[in-house]
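Inside the fold
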Amino acid sequence: MGSGDDKTIIADAGSLAALANPPNGKACLIQYSGTRVGKRYILDENDMDIGRIETTDIYINDPSISRKHCHITIRNNICEINDLGSSNGTFVNEKRIETIKLKHNDMVRIGSVILKYIADGNSEGAFMDNIYKKATIDATTAIYNKQYLIDELDSHFKLSKNYGRPLSLIIFDLDHFKKVNDVYGHNAGDFILKGCAQLAKQTIRKTDMIARFGGEEFVIILPDTEKKQAVEMAERVRSKIGNSPFKIDGKLIKQTISAGVSLLTDRFKNPKELIEDADHKLYQAKKTGRNKVNH
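Just so we're clear, the structure is a prediction, and the values are computed from it rather than from any experiment. (Residues numbered from 1 in each chain as written. Predicted model: local features only at pLDDT ≥ 70, side-chain atom pairs only at ≥ 80, totals over all residues. Heavy atoms only, no water.)

1. Side note on the overall build of the protein
Assigned secondary structure in the protein consists of seven helices and 18 strands. Relative to the compact-globule value of 19 Å for 295 residues, the protein shows a C-alpha radius of gyration of 21 Å, a close match. Projected onto its principal axes, the C-alpha coordinates of the protein cover approximately 60 × 50 × 40 Å. Across the 295 residues in the protein, those meeting the buried criterion constitute 49%. In the protein, of all internal contacts separated by at least 6 residues, the share reaching a separation of at least 24 is 57%. Surface summary for the protein: the accessible area is close to 15,000 Å², and the carbon and sulfur share equals 48%. (Helix = DSSP H or I, 4+ residues; strand = E, 2+ residues; numbered from the N terminus. Rg over C-alpha atoms; globule rule 2.2 N^0.38 Å. Buried < 20%, exposed > 50% of the residue type's maximum accessible area, 1.4 Å probe, protein only. Contact = heavy atoms within 4.5 Å. Areas by Shrake-Rupley, 256 points an atom, 1.4 Å probe, with all protein chains shown as cover.)

What follows is the structure, encoded as structure tokens:
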């Protein structure tokens, strides 16, 4: 038995074959620390910025990283990294740098976040990407799973508490979803679950994160977001899903959602209490008519 942080991945034969023989991939950075360990950032542009604001090409939400921390330049398969005057510096193999050409397997540290550089044509990046997806993505909806949500929310909760940043949470679920499964079958139900998840994912911002919480219930984390903006986002998600009918057996099926929105305040002592508050507001939305947002 491993430690409590170990993850067991169950895959079919085809998936295991893909892991054993991954295709050669593009140059990338693989995150080795923080809440998204194992995430691959593909270096598929000639010029890319790394930073803490959502407009950067590689966005990493960590307080030790500057808004625009460093710049990646790729020319003729040569990757160069340049510090952009960041507060906490850019380090390659633990040496602070201003500009340097990266070599395969170089370890890059920006603030307190560690990234490993994988050169173009190497299979390790694709291999790690497969592992990361198996451990963090819900197979039915193709969004993040509950364990990833819990880890991510814990990190955002601590950041918000320590630095006084706003943090909002949306919980929504599908109205009368049991009827869909009963009438059209579970395959149709899975189709609508995935469709709703993807519509919500398309609606939220790059800085937000959506995950399947269980059954037909989903959670959206909104960092640096006050309640007013979170409610507006919940309404956009509700409208997007409600106005996007699904075609099943030649029929257009309209699916609505109900949502609860909660803002982190001093009264919440842990992430569980924040989830419970949003879930209570979701319950009230369903109790008072469904297809609505309660906050």
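From this point, the narrative continues.
2. Points about the sheet that holds strand β17 (residues 257-263)
Read across the open sheet, the five strands follow the order β13-β14-β12-β17-β18; overall the sheet is mixed. Of all the strands in the sheet, just β13 (209-214) and β18 (293-294) have a single pairing partner and so form its edges. Direction of pairing for β17 relative to β18: parallel, over a ladder of two bridges. Across the sheet, alanine 259 pairs through a bridge with valine 293, a residue of β18. (Pairing = 2+ DSSP bridges.)

3. Here's the deal with the sheet that holds strand β3 (residues 47-51)
The strands that make up a sheet pair up through hydrogen bonds in the backbone, lying either parallel or antiparallel. Here five strands make up an open sheet; going across it, the order is β4-β3-β5-β6-β9 and the pairing mixed. The open sheet has two free edges, formed respectively by β4 (58-59) and β9 (99-101), since each of these has just one partner strand. With three bridges joining them, strand β6 (residues 78-83) and β9 adopt antiparallel strand pairing. Each residue of the ladder has a partner; that of asparagine 82, found in β9, is threonine 99.

4. With respect to the environment of histidine 176
Examined against the element boundaries, histidine 176 turns out to sit in the loop between β12 (167-174) and α4 (177-184). Given the relative accessible area of 51%, histidine 176 is considered exposed.

5. Focus: the environment of asparagine 145
Considering the arrangement of structural elements, one finds asparagine 145 in the loop between α2 (124-136) and α3 (146-163). Measuring from C-alpha to C-alpha, the distance between asparagine 145 and lysine 133 comes to 10.0 Å, with 12 residues separating the pair along the chain.

6. What about the packing of aromatic side chains?
Scanning all chains against the criterion turns up three aromatic pairs. Taking the centre distance of 4.0 Å and the plane angle of 15° together, the rings of tyrosine 144 and tyrosine 148 count as stacked. Taken individually, tyrosine 144 and tyrosine 148 each receive the classification buried, so the pair is uniform in this respect. When the ring of phenylalanine 191 is compared with that of phenylalanine 246, the centres are 6.0 Å apart and the planes differ by 80°; the resulting orientation is edge-to-face. Placement of phenylalanine 191 in helix α5 (residues 186-203) and of phenylalanine 246 in strand β15 (residues 246-248) is noted, with a sequence separation of 55 residues between them. Take phenylalanine 191: its relative accessible area is 46%, and that puts it in the partly exposed class. Note on phenylalanine 246: relative accessible area 7%, which makes it buried. Lying over the aromatic face of phenylalanine 213, lysine 146 brings its terminal NZ or CZ to 4.8 Å of the ring centre. Across from the ring centre of tyrosine 163, 5.7 Å away, lies the NZ or CZ of arginine 165, which sits over that ring. (Phe/Tyr/Trp six-rings, centres within 6.5 Å; stacked < 30°, edge-to-face > 60°. Lys NZ or Arg CZ within 6 Å of the ring centre and 35° of its normal.)

7. So, unusual backbone geometry
Although it is not a glycine, asparagine 76 sits at a positive phi angle of roughly 55°. Structurally, asparagine 76 can be placed in the loop between β5 (70-75) and β6. A relative accessible area of 75% places asparagine 76 in the exposed class. At glutamate 94, a residue that is not glycine, the phi angle is positive and equals roughly 65°.

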